[in-house]
Each structure stands twice: as C-alpha cells, then as structure tokens.
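# Structure at a glance
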Amino acid sequence: MKKIADIYINIPVKSIAKPYTYLIPEQFDILTVGCRVLVPFGNRIMEGFIIKIYPDNNSIDTTKLKEIKDIIDTQPWFTPNMYATAKWMADFYMCSLGETMRLFIPGKNSVKIRPIFNINDKEIPLEEWKKLSDKQQALYKYMQAYKDVDLLTLRRSFGSNENFIFDLEKLINKNYITKSYIYHKQAKKIYTDYIILNTLVNDDILATLKRKPAQKKALIYLNEIKEASVTDLKQQHISLTTLKALAQLNYVKIEKKQVLRDSYKNMLVNKAQQRTLTEEQQTAMNTIENSLSQGKNKFLLFGVTGSGKTQIYIEMALKIRALGKQVLILVPEIVLTGQLVMSFKQYFNDDVAVIHSKLSVNERNDTFWRIRTGQVGIVIGARSALFAPFLTLGLVVMDEEHEASYKQDESPRYHSHDVAEKMAQIYDAILLLGSATPSLESFYKAQNGEYTLLTMKERIDNIPMPFIEGVDMREELKHGNRKILSRKLKELISTTLAKKQQLIIMLNRRGFSTFVMCRSCGYVIKCPQCGLPLVYHKQGKLQCHHCDIIEPVPDICPKCSSRYIKFFGSGTEKLEEELSQTFPNARIIRLDRDTTGKKFAHQDILKQFKAGLYDILLGTQMVAKGHDIPNVTGVGIISADSSLNLPDFRASERTFALITQTAGRAGRGSQKGHVILQTYNLEHYAVQYGMQQDYISFYNEELTLRKMLYYPPFCNLIKLIFQNEIEEQAIKIANDFKMDMEKYFSDNDNIQVMGPAPALISKFKDMYRFNLLIKTNDLSIVNKFLRQKNIDINKYITIDINPINTN
DNA sequence: AGCACGCCGACT
DNA sequence: GTCGGCGTGCTC
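In short, a report on the structure. Since the model is a prediction, treat every value here as computed from it, not as a measurement. (Residues numbered from 1 in each chain as written. Chains lettered and ligands numbered in written order. Predicted model: local features only at pLDDT ≥ 70, side-chain atom pairs only at ≥ 80, totals over all residues. Heavy atoms only, no water.)

Moving on to the nonpolar core. For soluble globular proteins, the rule of thumb is that nonpolar side chains tend to be buried together. Formed by 111 residues in total, the largest nonpolar core has its most connected members in Leu328, Leu720 and Leu786. Residue contributions to this core peak at six residues, all from helix 1 (residues 80–92). (Core = buried A, V, L, I, M, F, W, Y, C linked by side-chain atoms within 4.5 Å. Buried < 20%, exposed > 50% of the residue type's maximum accessible area, 1.4 Å probe, protein only. Helix = DSSP H or I, 4+ residues; strand = E, 2+ residues; numbered from the N terminus.)

What follows is the structure in structure tokens.
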C-alpha cells in the first residue's frame, strides 16, 4: 500500500500557502518528514518539502492524488528543530510555510528544472505535414536531428526573437513534439585527489627509497599527517610525479575526495595571545555563570564601544564548544564579519564557518554541509546564518543587537532578533545580545528581568572615552559659512593631520547632491517608479536610492522647460570634493555603497586605511561600525539630523545610536579621541545625550515618551500596507478594514488602529500604497483576527509584524 | 509564480 | 472565420 505525504511547494506565493497531498511510490518508501522531493504541480515539476507522512491512507481518497516524481534527499534536509523554526516563523509573521522553509535551503531552489523537447515517435501523415508553416517544419526537422533540445539551444538556432515559442507550442498541441523536464542539483560537488598513507613507515621501507630522496621525504611527511590533498602537498614541494611513484609502490593510495569550498580557509591570523580578562569582563562571566545555574539563559551585554564585548562572545563560545555544541554568531552586515571572523579565527581556526548572501550557491551549500555534519562548530554570519542546518546549538550571539538591518525588509519580513530568541528556546541554547546602544525593547526587557543585564562601562586598557563637541550649524550660517565643513571641524582636521593621525568623517547620504530642483517652478525631479527624489551623482547621472534606477540629467526642466536646474543638498561625493579642495595634501578615501561594489572591496578599503595609506576616511554610516583603527583620533559627524527628521518613532533612537557608534571610532589607541558633531538640532535630547554618551538618561527620557504615546516596548506593532491602482480605492479599503477592526475590538483599549496614511513610497509601479498601523499588547489575538479576515492571503495587502519603520 | 482557459477585438 | 490580447482561476 502506498503511503501518503503532505507537501509544501517551494514557491514564495501566498495564494498557494497550504500543503498538497501526494502519493509516495513504493521505491521512495524511505522518504521521511523533512525530505525534499520533486512533485508534479499543475503541469510543471516543482520542488516540495515533506511536512507530514500519514501512518495509513484509510480515510483519504487517493484517486485524485498525484505521485511524488523524484527525490532530492534520502536523509531529511530539515531537522525537527529547523522545521519548528520555519513553522513558528510562518505562524508569527503570517506568511506561507513554503516561504519560510525555502530560507533554509542553500539557494532559492535545490534543483534546477528545465524543459526539454523531443519529437514524438509516430510519423506525421503527408497531408498534415503540408499544413504546417515553413517555420514549424524547420523546427520539427531540427528536432529530428537532435535529441533532448532545451530552450537555450533553440534560442541559439532560431534567433533571439521569441517567435519560435509560438510554433513550438503549436507542435506540442498537435502532439508532434513532446515536452518533458530534466533536473539536476543546483550545487555542484567538487573533488580533489587525496593521498592516503598505505603502509607502515619504518626503516626497512625508507631504506628502499635510499636513492629516491623526494619520495623518501614525501613518505616521511605523510607519515606525520597520514593523509593530505595533492594541492596541500604541492605547497610542501611534493610533486604529483613523486606521489604517483609512491602509489606505484603501493605505499600510498590516491583517492578522490569531496572538497568543501571555504573562501575563509586560508585567512592568515595570528594565534591568540594569553587570555586575560578585565575586571568587568570577569564580572560579566561570573554573572552569566550564576544566572545559568538559576536557569536563566538570556543575556543583554551592554558595553560601551571598545569595552571588549567580542572577548565575552569568545569566552562563551569556548565554553559551549567544550560541551560539543555548535555556536551561532550573528552580525548585522557582511561588512562587520571581517573583524569578528578574524578574532574568532584566532581562537577557533578552521572550526569557523562564515555565511552571508555574497557567497556563491556552491560555497553556501558546502558550508551548510560542513555545519550539518558537525565539521564546524562556530557559524558567523548575517541574517541568513539563522537558517544553517545546525546539529545542535548551545549559544546564539547577536552582536550590535539594536541594528535595523537585522530586519528583513521583504517577504518573509522576519526580524532576526525574534527568530534568534525563538531558536534559542527551540534548541535550548543560551541567548547573548550585545550592544553599546541596546534597542529600547531589549533594555526594557533587561530592566524587567526577562534578560540578565551585563554592564561594561570601561574601555579596555583604560583608554578614555572621546571628547565630543557639538557645533550648531545655524550659527555657522549666521557667520556666512555655507560649506559642509564647520570651522571647528576644519580646525580638527588640520591639527589631526599635522599630528600625522587619522580621521573618520561620516555623512549619512551618498551621491553628490541629494535632490535636483528647478529654480523657476520648484519642480523636484523624482523617480518614475517610486516617486522619491533622485540623487545626483558626480558621473553626471541621477539615481534613485530606493529602486537603483538611473536617469540622465535633463538640460531643461521637464515641467516648465526653463534652464534653471540646480542641485541641492550634500552627499559623500560632494564632501569628498570639498575635503580635497580644503586639504589638498590629505590622502582621502571614500567608503559607501558606490565604492564597495565588489565582494571584498569594503574590507580592502578599510585595510588600506588601517595600514595608513590614507589620512581621512569619509563615508556613510558604514564607517561607523565595528572596526578598530588605533591611529584614528578625530571623528566628524556631518549631519546628525538627517536621521532625526524622519517621520518615525524610532528616529531619536537611531540618531542616538549613530552618534554613539560613530563617536566610538575615535581614540581606540593610546591617544584620546576628539569628535565634532555638526547639527541643526543641538538642543534635541538624542543629540545632547549622544554627545554626553549617556545611554541611561537617553533610555529613561525616550521610554517616558514611548509610554506616553503607546509605542514599543509598551505595545507591539503591525503594519498593514494596502495597495491599489486607484488611490481612493486604496484609502477606502484601508478605512473599511480599520472600522471593521475597531468594531471587533471595541471593548479592548489596548488595541489601536492608526491611519490610513500614505506610505513613504506612496506610489510604486502604478500602485498607490497606504498604511494602517496596529498597536496591540497581544499579537496573537490580532493575528487570529487578520487570518479570519483572510488578510494573510490577500495579495493587495502586505502584513509586516514588528516593522522596523512605520512609514 | 506560471500556465491553461476563455472571452473579445483586429486582420487575412 | 482565425489570431492573439489579457483577465481569471487553479495547482494535491
């Protein structure tokens, strides 16, 4: 009797967000829950994940079921814990299980499926043949000559214009040509020749090699390490000829072995020196031990920039590795991995795997395999590292836990913070969050005892905190200075350069001018797709920083045809120009998304700056994060306000964090740092406390505001984005829903609906977008209501649980 | 998401 | 009368 399985199809589409039932053919009886399979779906072959196998098929009508076509895994890819995580994510974020499960496989699909075409065996009668067009006849003749033709080959032979597809379908419909599918695994395994010692090495054997010094040397070397790859041996100056000769003598065996790609393998690092913890670090470790013995295993490590949080992560990782469990280290961006990977490699060497979105599918696949088979114990990576196939998990570290980039901003819109916390629970692992500026939510939890708070106030080696000075840019204007650089900052740059020390200058906008406006009619040139102002870049192009669309700069205003088109606002390119004009002898390098296109470009720039090849590093917030450059004593923050004026309740929090993080770059060596902070909002509390580096006061003031306005951490947020081609329709549907919901929850004061308000990107690809913001103290009842109303499968409504911004 | 199906206007 | 445009609905 054939068994039956429930399968989720690997497609990121809400409308098919349900399991489909298939028969398991007898030859695939080994299949279990968590295996990946190929199934017929509609008239295609698709990849699917088995989520359930029925013990018997008595109560199910099997006549309408299709059969599983082929298998991808014989062992389940999804462990029960991976499945539990995916399931929780789908429930919590109200998206399809297929959508969350596919996060866990390397690449979007495990197999590549492509259609191939062949002629049908039966002949075409002459009178039918005559009815075919010339093109159709040509196509048929072509397929008589070649077997298993795919679309790519046809395209090459029949021109790039797609007309042949029409004729092809005609022939398929008449059953002259058949269409079938072939598939192969996405990831290709690579192999290398491996040399394995095949004899006891003793004096007798070595004696036979008396006149063969190279072979003798090779054998002695192999005796020490037993086996090695041919490439590794080549580095030891042992040639393939030598090895082949040894193989002839049967002293060694040559075997093919799979190589697991790892571009971080040959990273050169110094061995870790003697570990000595500071008093604060030791206290933190003791607190962790005590809490663990009381069964508390969630920690918030609140440590100022430069206090040595990384060392705590390492200490904890050492403990967990000693227990044989795996460790996950999350970092906000690939950019930050460089520094942290180095530190971990010093202690763990090749026990470290790195995962991020710039890895090739092949390398990711190999890395996943090393994790899956327990060949590595430390996994460092950005968001996507959450979905590595851990065997066990004893510790989840989240560095810079306040970072907004932990939130995935497209479907499935998960927040790594939530997922990491859930995973820690599922795997029974320790959760360790770290930040110099914790998110309000996390610090609030620490205050309430949900997390154990670990505080480190001192910088390592008693390095003093930098001196921060604010410059009111309104005063600068009054004194006739219309430049980007204030007089004080210019002075700081001069004196720092004179001392042969380095500077970091942050301006959180890339490009040259931030908007282009017609002086005559006031028209601002906007992105045709999303309506945001286009940014002028130096190479003479206009770019949308949201859609990456590039447009030429118009000579005349598109609206009133006047020639008075001017550029306003300043970005990093303009700052670079002003700096090099003001300080012609300074060596300046820029770091922003425009200069970091290639895979390791970012690290290269930082490496060169660190090596002293440049005096000034300028860039967007990228320059604010993580790296430790001892010779930097001066830091300039050009516009602390740009993040302050955003219409979002987290604007103050972000501004405070950005100021603190950037200022923290100054004075990491023995010299005291000096920071100039330019702002138009000098009296704002986020700026003031940022200047004083006083997180606690900022937290208290911000928390009072949050409580008053009923925002997180006092409630949870759900953002609903309503889309429609007709603006009024979008507003009406949103409003109707709002009234519906308010009626349903009329007796519950803790659930509020705000809006509808036009989204920040109010029109995208001809769709108007309006937001509703739901505030609730109970996510689950709102979740239930939304499902009941089928909001979760409505393709014109996007649900964002715990959104990172509200506009 | 694809892909078939089906209903309506343009062209041989 | 046929071709082909795109809106609608389905996928075990």
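Looking now at the sheet that holds strand 23 (residues 535–537). Strand order across the open sheet formed by three strands is 23-24-25, with antiparallel pairing between neighbours. Sheet topology places strand 23 and strand 25 (550–552) at the edges, where each strand pairs with a single neighbour. Neighbour to neighbour, the strand axes of the sheet diverge by 35 degrees on average, direction disregarded. Bridge count for strand 23 against strand 24 (residues 541–543) is three bridges, and the pairing is antiparallel. When the bridges of strand 24 are listed, Tyr536 appears paired with Leu542. (Pairing = 2+ DSSP bridges. Axes fitted to C-alpha atoms, helices over the stretch in contact; angles between N-to-C directions.)

Let us look at the protein's contact with DNA strand B. Around DNA strand B, the neighbouring residues are Val13, Ser15, Asn43 and Arg44. Backbone atoms, meaning sugar and phosphate, form 74% of the atoms of DNA strand B found within 4 Å of the protein. Between DNA strand B and Asn43 there is a distance of 2.8 Å, counted from a sugar or linking oxygen to a side-chain nitrogen or oxygen. Between DNA strand B and Arg44, the relevant distance is 3.2 Å, taken from a sugar or linking oxygen to a side-chain nitrogen or oxygen of the residue. Grouping the constituent residues of the surface near DNA strand B by class yields one nonpolar, two polar and one charged. (Near = heavy atom within 4 Å. Polar contact = N/O pair within 3.5 Å; in protein donor to acceptor, adjacent residues only side chain to side chain. Nonpolar A, V, L, I, M, F, W, Y, C, P; charged D, E, K, R; others polar.)

What follows deals with the pairing of strand 3 (residues 36–41). Along strand 3, six of the six residues are buried, which leaves the element largely enclosed by surrounding structure. Here strand 3 shows two buried faces, one formed by Arg36, Leu38 and Pro40 and the other by Val37, Val39 and Phe41. Strand direction decides the pairing type here: strand 3 and strand 4 (residues 44–54), joined by six bridges, are antiparallel. Bridge pairing in strand 4 places Phe41 opposite Arg44. Linking strand 3 back to strand 4 in an antiparallel pair, the connection comprises two residues, with Gly42 at a positive phi of about 60 degrees. Note: strand 3 against strand 6 (residues 70–71), two bridges, orientation antiparallel. Among the inter-strand pairings, Val37 is bridged to a residue of strand 6, identified as Ile71.

So, about the pattern of salt bridges. Inspection of every chain in the model, using the stated rule, returns 33 salt bridges. Linking Asp548 and Arg593 is a salt bridge whose minimum nitrogen-to-oxygen distance equals 3.0 Å. You can see Asp548 sitting in the loop between strand 24 and strand 25 and its partner Arg593 sitting in the loop between strand 27 (588–591) and helix 20 (601–610), a full 45 residues away along the chain. Between Arg668 and Asp628 there is a salt bridge, with its nearest N and O atoms 3.2 Å apart. Taken as a pair, Arg668 in the loop between helix 21 (651–663) and strand 30 (674–679) and Asp628 in the loop between strand 28 (616–619) and strand 29 (632–637) lie far apart in primary sequence, 40 residues in all. A network of salt bridges, in which partner residues are shared, links Lys407, Asp409, Arg413 and Asp800. (Salt bridge = Lys/Arg side-chain N within 4 Å of Asp/Glu carboxyl O.)

Once that is clear, we can look at the protein's contact with DNA strand C. Around DNA strand C, the surrounding shell consists of Ile16, Lys18, Tyr20, Thr21, Tyr22, Pro40, Phe41, Gly42, Lys64, Leu65, Lys66 and Phe166. Note that a phosphate oxygen of DNA strand C is positioned 3.1 Å from one of the backbone N or O atoms of Pro40. Between DNA strand C and Lys66, the relevant distance is 2.4 Å, taken from a phosphate oxygen to a side-chain nitrogen or oxygen of the residue. Of all the elements in the fold, those that place two or more residues in the surface near DNA strand C are strand 2 (20–24) and strand 3. With three residues, strand 2 is the single largest residue contributor to the surface near DNA strand C. Its residues assigned to classes, the surface near DNA strand C comprises seven nonpolar, two polar and three charged.

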